[in-house]
Amino acid sequence: MTTSAQFGIGMLAVGTYRIDPAVSSVKCTTRHLFGLATVHATVPIIGGMVDIADPFTDSTVTATLDAAGFRSGRRIRDRHVRSPLLLDTATYPQISFASTRLGHDGDRWVLRGALTAHGRTHPVELVIVRLDLTVHGARLAASTRLDRYAFGLTRVRGMVARHLDVTLDVHLTGF
């Protein structure tokens with residue numbers, strides 16, 4: 001059950017929280033066929049930790065995703081994306097994130113960190129768009145835009161768009 005507390009990172013108690021992969025999700029949206037169609041996909045979260053510190057700006061986040069679990073609802077496309085042509089999940093089975101800084105950007109919270117995918121690490125910024133306290137922890141929503149070229153995923157230009165819009169729905173449970 002979600003509380004009606006006002007949004008703010010400060011709502012979370014100092015401590016360590018576990019990302020619950022069973023109810024958390026990472027969704028990606030991009031264009032394909034030279035921008036004519038939209039593709040929606042998911043990548044499962046394997047696990048992760050959120051350590052809320054005092055001050056909150058010293059908080060840290062780590063998360064691991066299962067690249068081989070990429071699913072768009074079309075088996076042929078999924079095999080193609082997981083193949084050496086794009087994600088090469090046999091060589092790079094996981095995608096990882098480690099935060100470097102949490103801070104304000106105007107009136108919003110931004111979690112900055114490093115995303116490692118396809119053997120390359122690149123800085124990313126996650127904009128925290130919602131935070132609700134729950135009975136057992138919290139539910140957090142965040143978004144970002146990724147440039148696949150930054151991770152060396154430059155093949156099939158035109159057939160797959162350069163940018164992916166990513167939304168995260170992360171459920172945190174306390175210890």
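Residues numbered from 1 in each chain as written. Predicted model: local features only at pLDDT ≥ 70, side-chain atom pairs only at ≥ 80, totals over all residues. Heavy atoms only, no water.

1. Digging into the confidence of the model for the protein
The cut-off we apply is this: Confidence scores here are pLDDT values: one per residue, from the predictor, ranging 0 to 100. Numbering of helices and strands runs from the N terminus, with a helix taken as a DSSP run of H or I at least four residues long and a strand as a DSSP run of E at least two residues long. Every residue pair with non-hydrogen atoms within 4.5 Å of one another is taken to be in contact.
Confidence in the prediction for the protein averages 87 pLDDT; 90% of positions are at 70 or higher. Confidence, expressed as mean pLDDT per element, reaches its minimum in the protein at strand 2 (residues 25-32) with 88 and its maximum at strand 5 (residues 60-66) with 97. In the model, residues 1-7 has pLDDT below 50 throughout and makes 14 contacts with residues more than four positions away in sequence or in other chains.

2. Some remarks on the pairing of strand 8 (residues 120-134)
Our working rule: For two strands to count as paired, DSSP must find a minimum of two bridges between them.
The sheet contact formed by strand 7 (residues 108-117) and strand 8 spans nine bridges and is antiparallel. Bridge pairing in strand 8 links L111 to L126. From the end of strand 7 to the start of strand 8, which pair antiparallel, there are two residues, and H118 there has a positive phi angle of about 55 degrees. Bridge analysis of strand 8 against strand 9 (residues 137-147) gives seven bridges, and the strand direction is antiparallel. Following the sheet pairing, V127 is matched in strand 9 by S143.

3. Some thoughts on the side chain of D147
What counts, and what does not: Polar contact is defined as a pair of N or O atoms within 3.5 Å, subject to the rule that within protein one atom must be able to donate a hydrogen and the other to accept it, and that residues adjacent in sequence are counted only when both atoms are side-chain atoms.
Mapped onto the fold, D147 is located in strand 9. Among the polar contacts made by the side chain of D147, one reaches the side chain of R162 at a distance of 2.9 Å.

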